[in-house]
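# Observations on the model geometry
Chain by chain, the residues run as shown.
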Amino acid sequence: MKLTFEVIHDGGTRPLQADIRELVVAGWAGRDLAAIEHHIEELAAIGVPRPSAVPLYYRIAANQLVQAPAIQVVGPHTSGEVEAFVFAAGGELYVSIASDHTDRKLEAVSVALSKQVCAKPVAAQAWPLAEVAGHWDELVLRSRIVEGDRTVLYQEGPAAELRTPAELIAGYAPGGLPDGVGMTCGTVAAIGGIRPAPVFEMELHDPRRRRTISHRYAVEVLPEVA
């Protein structure tokens, strides 16, 4: 899938076209194993199968990556979640953000399928990963949703809650992430619980360099016909 980015770097900006041919969603990517196990048990109680490994790498069709301002989903049971998106292009690693938009009803049947059936929105900006790797834990993941006539904070947490890209990459591709591979790197808890929304806003904030990558998309719900 060809994606176009504005790369924001210490020297300015430049365009980048990345051909992502392999998409990986790194699930269960938190650093606190006790908290992960607690969450697994919570989900198991409502019928979501336990993961076969932690972290777990879900392969998703690369054509699910989109940079459009809207996506279409079937039924009212989907929701987004902000994740750092690391990808390799031209022999270099970059970081942006993506939403691992997921069908929560289908999640009780198959987590892999629940992720596959939804588009994965990606921002149009990126940073060289090398410029933030040294202070990765300071980065902040944040999302907001529209509820009624209000925009409310939905997720907020430091990247320190999650495994680093280097660790996740090593677990998936020990020799390094090849060109054309993109990986989402885990998310932080939803404030007030996971729930659908017609609009999802997400950002990755770098407080040290005082810069932010952001993206906003609308969700159009198609009828679930039997």
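One can find the structure itself at the top, above this paragraph.
The text that follows walks through the structure, step by step, so that each part is easy to find. None of these values were measured; they are calculated from a predicted model.

### Focus: the sheet that holds strand 14 (residues 150-158)
What the five strands build is an open sheet, ordered 6-17-16-13-14; its pairing is mixed. Sheet topology places strand 6 (70-74) and strand 14 at the edges, where each strand pairs with a single neighbour. Mean inter-strand twist for the sheet, computed between neighbouring axes without regard to direction, equals 25°. Of the strand pairs in this sheet, strand 13 (residues 140-147) and strand 16 (residues 199-206) are connected by six bridges, and their pairing is antiparallel. Within the sheet, the bridge partner assigned to Ser 143 lies in strand 16 and is Met 202.

### Considerations on the side chain of Arg 195
Counting through the fold element by element, Arg 195 comes out in the loop between strand 15 (181-184) and strand 16. Of note is the side chain of Arg 195, whose polar atom sits 2.7 Å from the backbone oxygen of Gly 193. Beyond its immediate stretch of four places on either side in the chain, Arg 195 contacts Ser 79, Ile 145, Glu 147, Val 152 and Tyr 154.

### Section: the nonpolar core
Val 95 and Trp 136 are the most contacted members of the largest nonpolar core, which has 39 residues in total. Ignoring any residue separated from it by four or fewer positions in sequence, one finds Trp 136 in contact with Arg 31, Ala 84, Val 95, Leu 129, Ala 159, Thr 164 and Pro 165. The next biggest cluster of nonpolar side chains, apart from the first, holds 25 residues, and it includes Ala 18, Leu 23, Trp 28 and Ile 36.

What counts, and at which threshold
Residues numbered from 1 in each chain as written. Predicted model: local features only at pLDDT ≥ 70, side-chain atom pairs only at ≥ 80, totals over all residues. Heavy atoms only, no water. Pairing = 2+ DSSP bridges. Helix = DSSP H or I, 4+ residues; strand = E, 2+ residues; numbered from the N terminus. Axes fitted to C-alpha atoms, helices over the stretch in contact; angles between N-to-C directions. Polar contact = N/O pair within 3.5 Å; in protein donor to acceptor, adjacent residues only side chain to side chain. Contact = heavy atoms within 4.5 Å. Core = buried A, V, L, I, M, F, W, Y, C linked by side-chain atoms within 4.5 Å. Buried < 20%, exposed > 50% of the residue type's maximum accessible area, 1.4 Å probe, protein only.

Shape descriptors only; they carry no functional weight alone.
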